[in-house]
Amino acid sequence: MRGAVIHAPGDVRFEQLEDPKILHPTDAVIRTVATCVCGSDLWPYRGLEPIGDPHPMGHEYVGIVEEVGNGVTSVKPGQFVVGSFATSDNTCANCRNGWQSSCLHREFMSTCQADYVRIPNAQGTLVATDGHPDGEFVPSLLAVSDVMGTGWYAALAAEVKPGSTAVVVGDGAVGLCGVIAAKELGAERIIAMSRHEPRQTLALEFGATDIVTERGDQGVVRVKELTGGIGADSVLECVGTPEAMQQALRSARPGGNVGFVGVPHEVQVDGQELFFSHVGLRGGPAPVRRYLPDLIERVVTGRINPGKVFDLTLPLDQVAEGYKAMDERRAIKSLLKP
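Chains are numbered independently. Their residues run from 1 in the order of the written sequence. Where local features are concerned, this predicted model is filtered to residues with pLDDT of at least 70; where side-chain atom pairs are given and counted, the filter is 80 or more; whole-chain, interface and lining totals use all residues. Side-chain calculation: all heavy atoms of the structure are included, whereas hydrogens and water are not.

A. Structural context of the sheet that holds strand S2 (residues 11-16). The strand order across the open sheet formed by three strands is S2-S1-S4, and the pairing between neighbours is antiparallel. Of all the strands in the sheet, the pair left with one neighbour each is S2 and strand S4 (55-56). Paired strands, as defined in this entry, are two strands with at least two bridges between them according to DSSP. Here a strand is any run of E in DSSP of at least two residues, a helix any run of H or I of at least four, and the numbering for each starts at the N terminus. Pairing geometry for strand S1 (residues 2-8) and S2, over six bridges, is antiparallel. Bridge pairing in S2 places Arg2 opposite Gln16.

The following block contains the structure:
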């Protein structure tokens, strides 16, 4: 098969790879219908994470089941499936508590920008749709496998409630999906922090009521102005930088909550500042598997359309251009079709 391999910062190649095989009874192999480039893939692409030896990339996927191990009964060959970037058996104590991304047998997907993918823990990871979805739904179902599920978790971690005010820090795909989530969970006011007009337009379409273009301390001041000087009930941090975390924490009101899902890079939280702020803080890898049935239903019934975050669609063999376009902010998110 063929797939994306990162060799060095800025160097992603489309190469021949070994075909995936069933290695354990709990495995499945899927034929990829769509995959994509994630904002978190840009960290190593930009040289901000070590790469080491050349290795495959990608952790978002939808596809058709080709083969299953003899321990997999929840899906079968021929079915269209959606999975999560973190695999889970869905039976351990952490999974039963709803934290499948902390499954005791978790594996993070990392080979999905390819024609075929082996899915560990397939029994608990994959969710089959009711028949094969129309092509129009594929981008949104792909979004559900990570960015929509992650945005949903950010909103839940920030305790967005009906009638509340929410701030979304970050205008990438996760942040934009966080706007969708805040709207679906009943936020009355949604303040999207963005400096990029196409992303502002999409945020407003998804349900944002206000746009804040300022960043840092000025951004916090603007949020306070929009919230009567108090701050927001809920803040979704969807970037992962120290500046974004500080902005999120300082934009929340006393007693408010921050949900952080941007993978932290050199983020440090001042314990004393947090202590006196009375702000709650929760984050981590999103337990996407918990939300898959609900989010799939919202997609196929037309209630949400997170697939609009894909503003560039390319053949899989042009994966390098997908990375480059996102790195240069010419695209919000690149969808790849094998």
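B. Structural view of the packing of aromatic side chains. Geometry of aromatic contacts follows a simple scheme: Phe, Tyr and Trp rings, the Trp one being its six-membered ring, pair when their centres are within 6.5 Å, and the pair is stacked under 30 degrees between planes, edge-to-face over 60, tilted otherwise. Across all of its chains, the model carries four aromatic pairs by this definition. Their ring planes at 85° and their centres at 5.8 Å tell us that Trp99 and Tyr153 sit as a pair that is edge-to-face. One end of the pair, Trp99, is in the loop between helix H2 (93-96) and strand S7 (116-119); the other, Tyr153, is in helix H5 (residues 147-157), and 54 residues separate them in sequence. Classification of Trp99 by relative accessible area gives partly exposed; the value is 31%. Tyr153 sits in the buried class, given a relative accessible area of 2%. Here Phe275 and Phe276 contribute two aromatic rings whose centre-to-centre distance is 5.0 Å and whose plane-to-plane angle is 90°, an arrangement assigned as edge-to-face. Here the term buried applies to any residue with accessible area under 20% of the maximum for its type, exposed to any over 50%, and partly exposed to those in between, with areas from a 1.4 Å probe on protein chains only. Phe275 gets classed as exposed once you look at its relative accessible area, which sits at 61%. Between Arg290 and the ring centre of Trp99, over which it is positioned, the NZ or CZ distance is 4.9 Å. Put simply, a charge is over a ring when the Lys NZ or the Arg CZ is close to the ring centre, within 6 Å, and near the line of the ring normal, within 35 degrees.

C. Local environment of the packing of helix H6 (residues 173-184) against helix H7 (residues 197-206). Fitted lines through C-alpha atoms give the axes, limited to the stretch in contact for helices. The angle between two N-to-C directions lies from 0 to 180 degrees. For the pair H6 and H7, the least separation of the axes is 9 Å and the interaxial angle reads 20°. On the basis of their axis angle, the class for H6 and H7 is roughly parallel. Relative to H7, H6 is oriented so that their crossing is right-handed. On H7, the residues that touch Leu176, Val179, Ile180 and Lys183 of H6 are Arg199, Leu202, Ala203 and Phe206. Residues that form the contact of H6 with H7 fall into these classes: six nonpolar, no polar and two charged. Each angle is binned into one of four classes, with values under 35 degrees roughly parallel, values over 145 roughly antiparallel, values of 65 to 115 roughly perpendicular, and all other values oblique. Crossing chirality is assigned from the near helix's rotation relative to the far helix, an anticlockwise turn below a right angle marking it left-handed and a clockwise turn marking it right-handed. Note on contacts: a residue pair is in contact if any heavy atoms of the two residues lie within 4.5 Å. All residues other than Ala, Val, Leu, Ile, Met, Phe, Trp, Tyr, Cys, Pro, Asp, Glu, Lys and Arg, Gly among them, are scored as polar; the first ten of these are nonpolar and the last four charged.

D. A look at the nonpolar core. In plain words, nonpolar cores are sets of buried Ala, Val, Leu, Ile, Met, Phe, Trp, Tyr and Cys residues tied together by side-chain atoms within 4.5 Å. Met148 and Leu236 are the most contacted members of the largest nonpolar core, which has 57 residues in total. Looking at this core element by element, the count peaks at eight residues for H6. Once residues within four sequence positions are removed from consideration, Met148 is found in contact with Ala143, Cys177, Ile180, Ala181, Leu295, Ile304 and Pro306.

E. Expanded view of the sheet that holds strand S14 (residues 280-283). Within the open sheet, the six strands sit side by side as S11-S10-S9-S12-S13-S14. Their pairing is parallel. In this open sheet, the two strands that pair with only one neighbour each are strand S11 (210-212) and S14. Between one strand and the next, the sheet's axes are offset by a mean angle of 20°, whatever the strand orientation. Summarising the sheet, strand S13 (residues 252-260) and S14 pair through four bridges and their orientation is parallel. Each bridged residue has a counterpart across the sheet, and for Gly259 the counterpart in S14 is Arg282. Helix-sheet contacts for H5 involve strand S12 (232-237), S13 and S14, and the interaxial angle to S13 is about 155°.

F. Representation of unusual backbone geometry within the structure. Positive phi, normally seen in glycine, also occurs at Asn121, with a value near 50°. Of note, Arg329 is a non-glycine position whose phi angle comes to about 60°, a positive value. Mapping Arg329 onto the fold places it in the loop between helix H12 (319-327) and strand S16 (334-337).

G. Just the side chain of Asn257, in detail. Here Asn257 lies in strand S13. Given the relative accessible area of 14%, Asn257 is considered buried. With residues up to four places along the chain from it excluded, the contact list for Asn257 reads Ala157, Ala158, Glu159, Asp233, Ser234, Val235, Val279 and Gly280.

H. Layout of the pattern of salt bridges. The salt bridge criterion pairs a side-chain nitrogen of Lys or Arg with a carboxyl oxygen of Asp or Glu, the two atoms within 4 Å. Counted under the stated rule, the structure contains 21 salt bridges. A salt bridge links Asp115 to Arg2; the shortest N-O distance between them is 3.3 Å. Placement of the pair is Asp115 in the loop between H2 and S7 and Arg2 in strand S1, with a sequence separation of 113 residues. In this structure Asp115 comes out as buried when scored by relative accessible area, which is 12%. A residue is classified by how much of its surface remains accessible, and Arg2, at 32% relative accessible area, is partly exposed. The partner of Glu273 in a salt bridge is Arg250, with the nearest N and O atoms 2.7 Å apart. Here the residue Glu273 occupies a position in helix H10 (residues 271-277), and Arg250 occupies one in helix H9 (residues 242-251), the gap between them amounting to 23 residues. Arg250 sits in the partly exposed class, given a relative accessible area of 29%. Taken together, the shared-partner salt bridges in this structure form one network comprising Glu184, Asp294, Arg298 and Arg303.

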